[in-house]
Amino acid sequence: MLVLLPPSETKSDGGKDAPLDLAELSMPQLTETRELLVQTLVDLAADVEASCEALGLGPTQADEVERNAKLWVSATRPALQRYTGVLFDALDAKSFTRAQKAKALDRIAIGSALFGAVRAGDLIPAYRLSGGSKLPGMGTLRSLWKPELPKALAAEADGLVIDLRSGTYQDLGPVPDALIATVLTEKPDGTRTVVSHFNKHHKGLLARALVISRAEPTDIKGVARVASKAGLRVEIASERELIILTD
C-alpha cells in the first residue's frame, strides 16, 4: 500500500542532517529533473524580484527566496518532518510509536513540485516551489514531470495506491488506478457540498488511519473499513472514490 500525500506551502526551518544529496533520494530515475529544478531555483534566487514573480510571492516573503538560494548547502530533515500545515497536523507524525513510524516510512510518499515525489524518510531542505509555478526559460512543471513521474510512482507502488494529492499535484504525475478521497459537508437538510477548509484535515486523518492500521487494504472496501474504525464517516462512491462526510 502506498499513500500519496500533497506537499504543503509551509515547511519547517532548519534540520540536523547533511545538505541535499539527490543520489540518496527515493525514485532515482527522477534525479536529472530534480537537479535541473534545484539549480534553476538557486540561480533564480540571485534576482529576488524575478523569484517573487515566478513563485507568486509577496514583498514580505523574501525569506522564501533565501531558502531557495541555499538549496545545495542548507541542512535537511526527513520529508515527513519538513512539511507542515493542516494535513500534517492531522497526520500527527510526532505521536507515532516506533512501529508506526516504520510503517509511515514504508507507506507514505509526498508529492513535490521540486522533487516530483519523495518518500517520508527522504532528507530534503526547506524550499519554495508550487505545482502551478512556471520558471523562466522552461515549460510548465507538468510538462517536466508528467513524462517520468507516473512511471516512478508506479515502480514505488506494491499494491494499492491511495492518492490524496490535490488536483495540481495529481496532474504532475497521474496514477490511473489509484483510489481518491473526496471530503463533503453534509447539511441538516441532507445536501452535500465540497469542503475546502476541512479537506486537508480529514485527508490527514485518513492518512494517519492508513499508516497506523495493522491492516493492508487491497481495495476500496478495505480502505473504508480502516477509515470507519478510525472514526471517520465514509461512503464508497465508486470502485475508485471514497467519500468522507463531515457535519
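Bear in mind the structure is a predicted one, so any value in this text is a computation, not a measurement.

### Points about the overall build of the protein chain
Then, in step 1: The helix and strand inventory of the protein chain stands at 11 helices and 10 strands.
Then, in step 2: For 247 residues, the compact-globule estimate of 2.2 N^0.38 gives 18 Å, and the C-alpha radius of gyration of the protein chain, at 18 Å, lies within 12% of that figure.
Then, in step 3: Seen along its three principal axes, the alpha-carbon backbone of the protein chain occupies a region of about 55 × 40 × 35 Å.
Then, in step 4: Every one of the 247 residues in the protein chain was classed for burial, and the buried ones make up 49%.
Then, in step 5: Across the protein chain, contacts joining residues at least 24 apart in sequence account for 71% of those joining residues at least 6 apart.
Then, in step 6: Summed over its atoms, the accessible surface of the protein chain is roughly 11900 Å², and 52% of this surface lies on carbon and sulfur atoms.

### Remarks on the packing of aromatic side chains
Then, in step 1: According to the stated counting rule, one finds 3 aromatic pairs in the structure shown.
Then, in step 2: Arranged with centres 6.4 Å apart and planes meeting at 85°, the rings of Y83 and Y127 form a pair that is edge-to-face. Taken as a pair, Y83 in the loop between α4 (79-82) and α5 (86-91) and Y127 in the loop between β5 (123-124) and α7 (141-145) lie far apart in primary sequence, 44 residues in all.
Then, in step 3: On the basis of an interplanar angle of 85° and a centroid distance of 5.6 Å, the ring pair of F115 and Y127 is categorised as edge-to-face. In this pair, F115 sits in the loop between β3 (108-112) and β4 (116-119) while Y127 sits in the loop between β5 and α7, placing the two residues 12 residues apart along the sequence. Comparing F115 with Y127 shows no difference in burial state: the two are buried.
Then, in step 4: Among the aromatic residues, ring-to-ring pairing joins Y83, F88, F115 and Y127 into one connected group.
Then, in step 5: K11 extends its terminal NZ or CZ atom over the ring of Y127, reaching a point 4.4 Å from the ring centre.

### Focus: the nonpolar core
Within soluble globular proteins, side chains that are nonpolar tend to cluster in buried spots.
Then, in step 1: If you look at the biggest cluster of nonpolar residues, it comprises 76 residues, and the most contacted ones within it are L5, I108, L114, F115, L129, L135 and L206.
Then, in step 2: The residues contacting L135, other than those within four sequence positions of it, are L37, T40, L41, L44, A54, L55 and L129.

### Considering the pairing of strand β7 (residues 179-186)
Then, in step 1: Note: strand β6 (residues 161-163) against β7, 2 bridges, orientation parallel. Pairing of I162 across the sheet is with L179, part of β7.
Then, in step 2: Relative to strand β8 (residues 192-194), β7 runs antiparallel, the two sharing 3 bridges. What sits directly across from E186, in β8, is R192.
Then, in step 3: Counting the residues that bridge the hairpin from β7 to β8 gives 5 residues, and of these G190 lies at a positive phi of roughly 95°.

### A closer look at the packing of helix α6 (residues 98-107) against helix α10 (residues 199-212)
Then, in step 1: It is the contact of α6 with α10, at a shortest axis distance of 8 Å, that shows an interaxial angle of 110°. As summarised for this structure, α6 and α10 are arranged roughly perpendicular, according to the angle between their axes. Seen from α6, the contacting residues are Q100, K103, A104 and R107; seen from α10, they are L210, V211 and I212.
Then, in step 2: Per-class residue counts for the contact of α6 with α10 are 4 nonpolar, 1 polar and 2 charged.

### Focus: helix α2 (residues 48-55)
Then, in step 1: Listed as buried for α2 are S51, C52, A54 and L55. Relative to the axis of α2, the buried residues are bounded by an arc of 170° and lie together on one face. Projecting away from the buried face of α2 at angles above 90 degrees are the exposed residues E49 and E53.
Then, in step 2: Turning to α2, the residues buried within the fold contact α1 (31-44) and α3 (62-69).
Then, in step 3: N-capping of α2 is provided by D47, with a side-chain oxygen placed 3.2 Å from the backbone N of E49.

### What about helix α11 (residues 220-229)?
Then, in step 1: When α11 is considered as a whole, its buried residues turn out to be I220, G222, V223, A224, V226 and A227.
Then, in step 2: In this structure, the buried residues of α11 make contact with β6, β7, α10, β9 (233-236) and β10 (241-246).
Then, in step 3: By the N-cap criterion, in which a side-chain oxygen at the helix start approaches the backbone nitrogen of a residue two or three places on, α11 is capped by D219, the distance to K221 being 3.2 Å.
Then, in step 4: A positive backbone phi angle near 95° is found at G231, which sits one or two residues after α11.

Criteria and cut-off values
- Residues numbered from 1 in each chain as written.
- Predicted model: local features only at pLDDT ≥ 70, side-chain atom pairs only at ≥ 80, totals over all residues.
- Heavy atoms only, no water.
- Helix = DSSP H or I, 4+ residues; strand = E, 2+ residues; numbered from the N terminus.
- Rg over C-alpha atoms; globule rule 2.2 N^0.38 Å.
- Buried < 20%, exposed > 50% of the residue type's maximum accessible area, 1.4 Å probe, protein only.
- Contact = heavy atoms within 4.5 Å.
- Areas by Shrake-Rupley, 256 points an atom, 1.4 Å probe, with all protein chains shown as cover.
- Phe/Tyr/Trp six-rings, centres within 6.5 Å; stacked < 30°, edge-to-face > 60°.
- Lys NZ or Arg CZ within 6 Å of the ring centre and 35° of its normal.
- Core = buried A, V, L, I, M, F, W, Y, C linked by side-chain atoms within 4.5 Å.
- Pairing = 2+ DSSP bridges.
- Axes fitted to C-alpha atoms, helices over the stretch in contact; angles between N-to-C directions.
- Parallel < 35°, antiparallel > 145°, perpendicular 65-115°, else oblique.
- Nonpolar A, V, L, I, M, F, W, Y, C, P; charged D, E, K, R; others polar.
- Arc of directions from axis to C-beta.
- Polar contact = N/O pair within 3.5 Å; in protein donor to acceptor, adjacent residues only side chain to side chain.

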